[in-house]
Structures are given as structure tokens and as C-alpha cells.
Amino acid sequence: MNWQSKTGADLHTFTQGSYAVTNLLARYDFNQHLSASVNLNNVFDREYLSYAGDHGMYGAPRNIMTGFKCNF
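Residues numbered from 1 in each chain as written. Predicted model: local features only at pLDDT ≥ 70, side-chain atom pairs only at ≥ 80, totals over all residues. Heavy atoms only, no water.

(A) Spotlight on the sheet that holds strand β3 (residues 24-29). On the basis of which strands lie adjacent, the open sheet formed by 3 strands has the order β3-β4-β7 and antiparallel pairing. Among the strands making up the open sheet, the edge pair consists of β3 and β7 (63-70). Taking the axes of each pair of neighbouring strands and ignoring which way they run, one obtains an average angle of 15° across the sheet. The pairing of β3 with strand β4 (residues 34-41) spans 6 bridges and is antiparallel. (Pairing = 2+ DSSP bridges. Helix = DSSP H or I, 4+ residues; strand = E, 2+ residues; numbered from the N terminus. Axes fitted to C-alpha atoms, helices over the stretch in contact; angles between N-to-C directions.)

This is the structure in C-alpha cells:
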């Protein structure tokens, strides 16, 4: 879980309240050399601003990433 407190450029012209974003990770080791992983980010599809300066930038929506790792 990632948590961000109140944020903004000068906390007067543009502000955003605190928020939390939940991420999940699962990994499976096939053997000592090969593993696979799945990440589910922003599980509850929370809408938030990842940047709140003179302009706002929305954070990533719910998304999934997969990966494979091979160690030699």
C-alpha cells in the first residue's frame, strides 16, 4: 500500500487530500533458475493526482504487469 499526505504546489492554489493506493504481487518459482510474477497495481482503481504542481497529472489506473526471470 502506498500512502500520500495532502499535496500541492503551495497548498493554497491547488491541493489534493491524502490518499492510499493498494498494489498486489504474486511470484512463483518454477525452479532455482526460473520464476514468474504478476503485479496488480491500483487494485481499487483509485483516481488520484500523482503530481500536483502548477498542473495536475493523474496517476496510473488499475493495471496488470507480468514478468519472467531467468537466473544463470
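(B) The arrangement of the environment of Y51 in detail. If you trace the backbone, Y51 turns up in strand β5 (residues 49-52). Classification of Y51 by relative accessible area gives partly exposed; the value is 38%. Between the C-alpha atom of Y51 and that of Q16, which follows or precedes it by 35 residues, the distance is 9.7 Å. (Buried < 20%, exposed > 50% of the residue type's maximum accessible area, 1.4 Å probe, protein only.)

(C) Structural detail: the pattern of salt bridges. Tallied over the entire structure, the rule returns 1 salt bridge. R27 is the salt-bridge partner of D29, the closest N and O atoms lying 3.4 Å from each other. Taking the relative accessible area as the measure of exposure, D29 reaches 42% and is therefore partly exposed. Judged by its relative accessible area of 59%, R27 falls in the exposed class. (Salt bridge = Lys/Arg side-chain N within 4 Å of Asp/Glu carboxyl O.)

(D) Inspection of the packing of aromatic side chains at higher detail. Taken as a whole, this structure holds 2 aromatic pairs when the rule is applied. Relative to Y48, the ring of Y19 lies with its centre 4.7 Å away and its plane at 25°, an arrangement referred to as stacked. A residue pair is termed long-range when its members are at least 10 positions apart, and Y19 in strand β2 (residues 19-21) and Y48 in the loop between β4 and β5 qualify at 29 residues. Owing to a relative accessible area of 12%, Y19 belongs among the buried residues under this scheme. Aromatic pair Y28 and F30: ring centres 5.0 Å apart, planes at 80°, arrangement edge-to-face. (Phe/Tyr/Trp six-rings, centres within 6.5 Å; stacked < 30°, edge-to-face > 60°.)

(E) Geometry of a nonpolar patch on the surface. Side chains of Y28, F30, L34 and F68 sit close together on the surface and give an oily, nonpolar patch of about 470 Å² of accessible area. One can find Y28 in strand β3. (Patch = residues over 30% accessible without salt bridge, like charges linked within 9 Å, V, L, I, M, F, W, Y side chains within 5 Å. Areas by Shrake-Rupley, 256 points an atom, 1.4 Å probe, with all protein chains shown as cover.)

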